[in-house]
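Chains, contacts and geometry: an overview
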Amino acid sequence: MRPSSIKLLNSAAGKRPVKVLFVCLGNICRSPAAEGVLRTIVEENGTEAGWKIDSAGTGNYHIGDLPDQRMRVHARRRGLELTHRCRQVVSSDFDDFDIIIGMDSQNIANLRYAAPTPEAEAKIMPMGELLPESSGYDYVPDPYYEGSEGFELVLDLLQEGCQRLYDIIEGHSNL
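The structure displayed is predicted, hence computed values, not measured ones.

F22, L38, I99 and L165 are the most contacted members of the largest nonpolar core, which has 40 residues in total. For this core, the elements supplying multiple residues, two or more each, are α1 (3-13), β1 (18-24), α2 (30-44), β2 (51-57), α3 (69-77), β3 (99-102) and α7 (148-169). When residues of this core are assigned to their parent elements, the largest contribution, 10 residues, is made by α7. Not counting residues up to four positions away in its chain, the partners in contact with L165 are L9, V20, F22, L38, I99, I101 and L130.

Here's what the structure looks like:
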């Protein structure tokens, strides 16, 4: 994990509520799934009062829509209901959130471009840094043009990455 991400996670660990924004391109697959996964983890641990969780997209393609039907079906099979309405990242998100997590390098580049200040840019980190090395992934791939396996892979990766994020913030795991 990069030193900047370690610093970001350590600084967020001392805040309540911890405010996390997940970001992908259209906010219809990966980022709302990450939001749903982390919400479930937080609720199962009874710590929801200490967290604010949201998601957004860098593109404006699906504003107001529910997440992709295929992602909702695969998530529902795991007990997750994705009811988020898609939205685009706005400049105030950099003030409203402590950690802004991009799903891949293009999302990270788009977020860095959108960040209004160096302090805002310091809140950005890649989801890949939370994934175990054993996964073989350093980003969360876009399942939009994939079959069922792509959606299942994304949910598997997000489950592991969000659990690690939760464990680090709650002090159950070291960086």
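Once you've had a look at it, read on.
Attention now goes to the sheet that holds strand β4 (residues 124-126). Reading across the sheet, the 4 strands line up as β2-β1-β3-β4 and stay open at both edges, with parallel pairing between neighbours. Strands at the two margins of the open sheet, each flanked by one partner only, are β2 and β4. Neighbour-to-neighbour, the strand axes of the sheet open up by a mean angle of 25°, direction not taken into account. On top of the sheet, α1 reaches β1, β3 and β4; it is set at about 115° to β4, its chief contact. Here α7 sits on the sheet in contact with β1, β2 and β3, set at roughly 160° to β1.

Within the secondary structure, G50 sits in the loop between α2 and β2. Along the backbone, G50 and P17 are 33 residues apart, and their C-alpha atoms lie at a distance of 4.2 Å. Excluding anything up to four places from it in sequence, G50 contacts R16, P17 and V18.

A separate point is unusual backbone geometry. A cis geometry characterises the amide bond from R16 onward to P17, with omega recorded as -5°. The residue P17 is located in the loop between α1 and β1 in this model. Unusually for a residue other than glycine, N27 sits at a positive phi of about 60°. Tracing the sequence through the fold places N27 in the loop between β1 and α2. Classification of N27 by relative accessible area gives buried; the value is 0%.

Cut-offs and rules
Residues numbered from 1 in each chain as written. Predicted model: local features only at pLDDT ≥ 70, side-chain atom pairs only at ≥ 80, totals over all residues. Heavy atoms only, no water. Core = buried A, V, L, I, M, F, W, Y, C linked by side-chain atoms within 4.5 Å. Buried < 20%, exposed > 50% of the residue type's maximum accessible area, 1.4 Å probe, protein only. Helix = DSSP H or I, 4+ residues; strand = E, 2+ residues; numbered from the N terminus. Contact = heavy atoms within 4.5 Å. Pairing = 2+ DSSP bridges. Axes fitted to C-alpha atoms, helices over the stretch in contact; angles between N-to-C directions.

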